[in-house]
Amino acid sequence: MRRRRIRARQSVGEWGVRGISALAVATLGYVGIVQSLAYGLRGSNAERAHALAPWDGRISAALAQTRSGPEATSATRAQANSLARAALRQDPTAVAAASTLAINVQISGNAGGADRLASYAERLSRRDLATQILLIENAVSRGDVPRALRHYDIALRSTSRSSGILFPVLAGAIADPEIRPAITRTLAKRPPWSALFIEYAAANSPDPRATSVLFGDLVRTGYPISEVSRTLLIDTLASRGLFDDAWSFYVSFRRGADRRRSRDPEITADLVHPTIFDWRTVTDGGISASLQRGMLDFAAPSSVGGTLVEQVQFLPPGQYRIAGHSIGIDQPPGSSPYWQLRCHDGRELGRTDVPNSASANGNFVGRFTVPTGCPTQILALIAKPADAISGISGQIDRVSLSPLR
């Protein structure tokens, strides 16, 4: 009987322990689920995340960030500071909390305190973009360009989203002759983001003239400017009416280019990204044109006309001669393609027909006059709409525009 009572008491005790253990497991499971849910919400709804898990320092730091920044009021900034301090007590490695405090201290005018907090945040993580931006600003305020560029480099290496914020600022700094040499030295080391930045600056620099100087400086250090970046910069200069600068940059890498003559008379250049001063084909409305194996090959369907290929010229005023050779052109009278030279403002300066290739052994020749007040021109091969069912096709294997002596 006594043994029965002892076993009963042991059974009740065991069930009690099991019940407590099950409750603990359930509680831990619930907390874990809430923690995971809250952490997942911290980016999209930091306030809700903090309500779910107010004990998590990373979530408290995320909420602090939403209460901070240059647009925050003094009241919300005070809330941010309180949340950030609480976050660091909860988790001393909460880098977002340290960077939030640093930003607010900087805004309050305490540059030294901001620098110390930002340095602490950087020791926690070099991948925090807000920290790196603050360190850049602090370095710039002190006139410490090398330090600022070091933090640019860290930020651009650390996170892909930094380029959208930092590239425009860095591109704008190219115009400063005191900063540009330091940018050149940084890029010359070929950090992983350099090629993307150079391409960005070529297309978006607020001062493309300064960017062309930077490119020249980089080439002298041995940095290879890509074909696409060179083309983008020339297009940017030309689009802003800076044709002299566009041409000067062009001749810096197209040795032997002469503004009195068209380029590539034998059509042998194999360029993936030709500039406006090179031959550029036009494919539109059914027209096809390609540059390959030393010739221009073109075709257009019946009743379709338009530009086949063009090249921007930078000819001084004067008389010019166009000469070349065609293959495979066989069109009814009046429907052969022609070369046109027109001024940048649209004025046509003349036309030269390309007769059937059976005529004069395929050779053609003509003359153009470039007047004053027309600093740039476009030389283009134009297809006339043809009545023939087969349309028009043919090849040009040689063409040059040169001064008439």
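Residues numbered from 1 in each chain as written. Predicted model: local features only at pLDDT ≥ 70, side-chain atom pairs only at ≥ 80, totals over all residues. Heavy atoms only, no water.

1. Considerations on the side chain of T159
Of note, T159 is situated in the loop between α8 (145–158) and α9 (162–173). For T159, a relative accessible area of 17% gives the class buried. In this structure, T159 is in contact with R127 and L129, ignoring residues within four places of it in sequence. (Helix = DSSP H or I, 4+ residues; strand = E, 2+ residues; numbered from the N terminus. Buried < 20%, exposed > 50% of the residue type's maximum accessible area, 1.4 Å probe, protein only. Contact = heavy atoms within 4.5 Å.)

2. Considering the confidence of the model for the protein chain
Do not read the fine detail of predicted coordinates wherever pLDDT is low. Here the protein chain averages 82 in pLDDT, and 77% of its residues register 70 or above. Of the regions scoring below 50 in pLDDT, residues 15–35 engages in seven contacts with residues more than four places distant in sequence or in other chains. Within the model, pLDDT remains below 50 along residues 37–45, and this stretch shows 14 contacts once partners closer than five positions in the same chain are excluded. (pLDDT = per-residue confidence, 0-100.)

3. Structural notes on unusual backbone geometry
Unlike most non-glycine residues, R190 shows phi in positive territory, near 60°. Note that R190 resides in the loop between α10 (180–188) and α11 (194–204). You can call R190 partly exposed: its relative accessible area is 49%. Positive phi, close to 55°, is recorded for I267, a residue that is not glycine.

4. Topic: the sheet that holds strand β10 (residues 392–403)
Spatial ordering of the open sheet is given by β2-β3-β10-β5-β8, a layout of five strands whose pairing is antiparallel. For this open sheet the edge positions go to β2 (288–292) and β8 (363–370), each flanked by a neighbour on one side alone. Averaged over neighbouring strand pairs, the angle between their axes works out to 30° when direction is ignored. As paired elements, strand β5 (residues 318–327) and β10 share eight bridges and run antiparallel to each other. Each bridged residue has a counterpart across the sheet, and for Y320 the counterpart in β10 is P403. (Pairing = 2+ DSSP bridges. Axes fitted to C-alpha atoms, helices over the stretch in contact; angles between N-to-C directions.)

5. Notes on the sheet that holds strand β9 (residues 377–383)
Spatially, β1-β4-β9-β6-β7 is the arrangement adopted by the five strands of the open sheet, whose pairing is antiparallel. With one partner strand each, in any of the chains shown, β1 (280–281) and β7 (348–353) form the two edges of the open sheet.

6. Things to note about the packing of aromatic side chains
Scanning the entire structure with this criterion turns up eleven aromatic pairs. Measuring from ring centre to ring centre gives 6.0 Å for W247 and F314, while their planes differ by 35°; the resulting arrangement is tilted. Note that W247 is positioned in helix α14 (residues 243–253) and F314 in the loop between β4 (306–313) and β5, a separation of 67 residues in sequence. F314 matches W247 in its accessibility class, with the two residues each being buried. Geometrically, the ring pair formed by Y250 and F253 is edge-to-face, given 5.7 Å between the ring centres and 70° between the ring planes. Separated by three residues within a single helix, Y250 and F253 lie in helix α14, roughly one turn from each other. Taken individually, Y250 and F253 each receive the classification buried, so the pair is uniform in this respect. Members of the aromatic cluster, each reached through a chain of ring pairs, are F215, W247, F249, Y250, F253, F277 and F314. One cation-aromatic arrangement involves R230 over F253; the distance from NZ or CZ to the ring centre is 4.3 Å. One Lys or Arg, R259, reaches over the ring of F314 and ends 4.2 Å from the middle of that ring. (Phe/Tyr/Trp six-rings, centres within 6.5 Å; stacked < 30°, edge-to-face > 60°. Lys NZ or Arg CZ within 6 Å of the ring centre and 35° of its normal.)

7. Digging into the pairing of β2
Where β2 meets strand β3 (residues 295–300), five bridges bridge the pair, whose relative direction is antiparallel. Bridging from a neighbouring strand, L291 pairs with L296 of β3. Counting the residues between successive antiparallel strands, the hairpin from β2 to β3 contains two residues, one of them, R293, with a positive phi of roughly 50°.

8. Observations regarding the side chain of S335
For S335, the position within the fold is in the loop between β5 and β6 (338–343). A distance of 2.7 Å separates a polar atom in the side chain of S335 from the backbone oxygen of P332. With residues up to four places along the chain from it excluded, the contact list for S335 reads K384 and I392. (Polar contact = N/O pair within 3.5 Å; in protein donor to acceptor, adjacent residues only side chain to side chain.)

9. Comments concerning the environment of V370
Counting through the fold element by element, V370 comes out in strand β8. Accessibility expressed as a relative area gives 2% for V370, which makes it buried. Sequence-wise, V370 and G350 are 20 residues apart; in three dimensions their C-alpha atoms are separated by 9.4 Å. Other than its neighbours up to four places away in sequence, V370 contacts L315, P316, P317, G318, Y320, L341, L349 and Q377.

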